[in-house]
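A look at the structure
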Amino acid sequence: MQLNVPMKRLAFVLALSAASLAQAASFSSTINVSLLAPGGITSDGVNIDPTPLDLVQSVSPSGQIVPGDGGAIGGFMLPLESITISGTSILVRVAEGASNGTTGYLGAGGQHARYVLDNLGVNGQTITGLAFSAFDNFAASGFIGVDNLPTLNNHNAIRLLSPHSLVLELDEIHFADRGQGQSNNFADFRIDIQTAPVPEPASGALALVGLLSLGLARKLHRN
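Overview of the structure. (Residues numbered from 1 in each chain as written. Predicted model: local features only at pLDDT ≥ 70, side-chain atom pairs only at ≥ 80, totals over all residues. Heavy atoms only, no water.)

1. Brief notes about the overall build of the protein
The secondary structure content of the protein amounts to three helices and 13 strands. In the protein, which comprises 223 residues, the proportion classed as buried is 37%. If you take every contact in the protein between residues at least 6 apart in sequence, the share linking residues at least 24 apart comes to 69%. For the protein, the accessible surface area stands at approximately 11700 Å², while carbon and sulfur atoms represent 56% of it. (Helix = DSSP H or I, 4+ residues; strand = E, 2+ residues; numbered from the N terminus. Buried < 20%, exposed > 50% of the residue type's maximum accessible area, 1.4 Å probe, protein only. Contact = heavy atoms within 4.5 Å. Areas by Shrake-Rupley, 256 points an atom, 1.4 Å probe, with all protein chains shown as cover.)

What follows is the structure, encoded as structure tokens:
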């Protein structure tokens, strides 16, 4: 027996609700970005300013931190650098800041120089992990701007600290030489957040309605 008109309408409403729930995810609130260099900075690996660096700047769920934007980190960035939030991806461009092929940010006392992003959250989702790549322009293939990617992987230099926080260890990075001078060496890191859905009361009720309608349809079919 075919579904009657009211049952068809119910199926249509359920389909619309499912489509709404499947909309592209994005971060749900402002993200706090910290730039930490406990050992200070260097431009050549020898001459060091040991003053610890501890800067914090906030960025919206669809925003950017860029050089000269008036923020604490933006004001400290090199011209090529940026941090961009796109959906549940974090796009970080880091530039070579020292003639020894590093960022110039220094760790100390067992603490790495690093970016830390806090207050990560996605509505209806739990953050369970991340994946990252290092292709130019945050692409799926192409040139990689670091020459020690296996080391970054082995040292777990980009990782979750908690379900709401991640770290990128800046002093672990060694840049590939692009043959255009130190000031043109950079690396693009695309960090994609992995999530799992958290059932909400509304979605639970929707699932219950779906089960009840399925049972009713079967009963009508038997009749």
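2. What to know about the pattern of salt bridges
Enumeration according to the criterion identifies four salt bridges in this entry. Among the ionic pairs, Arg 93 bridges to Asp 188, the shortest N-O distance being 2.6 Å. Taken together, the residues span a long stretch of sequence, with Arg 93 in strand β7 (residues 89-95) and Asp 188 in strand β13 (residues 186-197) at a distance of 95 residues. Each member of the pair Arg 93 and Asp 188 is classed as buried. Residue Arg 159 pairs with Glu 169 through a salt bridge whose shortest N-O separation is 2.7 Å. Taken together, the positions of Arg 159 in strand β11 (residues 158-162) and Glu 169 in strand β12 (residues 165-169) put the pair 10 residues apart, joining distant regions of the chain. (Salt bridge = Lys/Arg side-chain N within 4 Å of Asp/Glu carboxyl O.)

3. Topic: the pairing of strand β6 (residues 82-86)
With four of five residues buried, β6 lies mostly within the body of the structure. Both strand β5 (residues 64-65) and β6 contribute to a ladder of two bridges, which runs antiparallel. By the bridge assignment for β6, Gln 64 is matched with Thr 84. Pairing between β6 and β7: five bridges, direction antiparallel. Paired with Ser 86 across the bridge in β7 is Ser 89. Linking β6 back to β7 in an antiparallel pair, the connection comprises two residues, with Gly 87 at a positive phi of about 65°. (Pairing = 2+ DSSP bridges.)

4. Side note on the sheet that holds strand β4 (residues 53-59)
Spatially, β4-β1-β9-β12-β11 is the arrangement adopted by the five strands of the open sheet, whose pairing is antiparallel. Whereas interior strands pair on both sides, the edge strands pair on one side only; in this sheet they are β4 and β11. Between one strand axis and the next, the sheet turns through 20° on average, direction left out of account. For strand β1 (residues 31-37) and strand β9 (residues 114-118), the ladder comprises five bridges, and the chain directions are antiparallel. Within β9, the residue paired with Val 33 across the bridge is Leu 117. (Axes fitted to C-alpha atoms, helices over the stretch in contact; angles between N-to-C directions.)

5. Notes on the pairing of β12
Within β12, five of the five residues are buried, leaving the element largely enclosed by the surrounding structure. Burial along β12 is two-sided: Ser 165, Val 167 and Glu 169 facing one way and Leu 166 and Leu 168 facing the other are all buried. The pairing of β9 with β12 spans five bridges and is classified as antiparallel. Looking across to β12, one finds that Leu 117 is bridged to Leu 166. In this structure, β11 lies alongside β12, joined through four bridges in antiparallel fashion. Opposite Ser 162, over in β12, you have Ser 165 as the bridge partner. Hairpin geometry of β11 and β12 is characterised by an intervening segment of two residues between the two adjacent antiparallel strands.

6. Structural notes on the packing of aromatic side chains
Across all of its chains, the model carries one aromatic pair by this definition. Here the guanidinium or amino end of Arg 178 rests over the ring plane of Phe 186, the centre of that ring lying 3.8 Å away. (Phe/Tyr/Trp six-rings, centres within 6.5 Å; stacked < 30°, edge-to-face > 60°. Lys NZ or Arg CZ within 6 Å of the ring centre and 35° of its normal.)

7. Quick look at the nonpolar core
Val 33, Ile 90, Tyr 115, Leu 168 and Phe 189 are the most contacted members of the largest nonpolar core, which totals 39 residues. With residues up to four places along the chain from it excluded, the contact list for Ile 90 reads Phe 27, Ile 83, Thr 84, Ile 85, Leu 117, Leu 120, Leu 166, Phe 189, Arg 190 and Ile 191. (Core = buried A, V, L, I, M, F, W, Y, C linked by side-chain atoms within 4.5 Å.)

8. Topic: the sheet that holds β13
Read from one edge to the other, the open sheet built from five strands follows the order β5-β6-β7-β13-β10, with strand pairing classed as antiparallel. Of all the strands in the sheet, just β5 and β10 (125-133) have a single pairing partner and so form its edges. By the bridge criterion, seven bridges tie β7 to β13 in an arrangement that is antiparallel. Along β13, the bridge assignment pairs Ser 89 with Asp 192.

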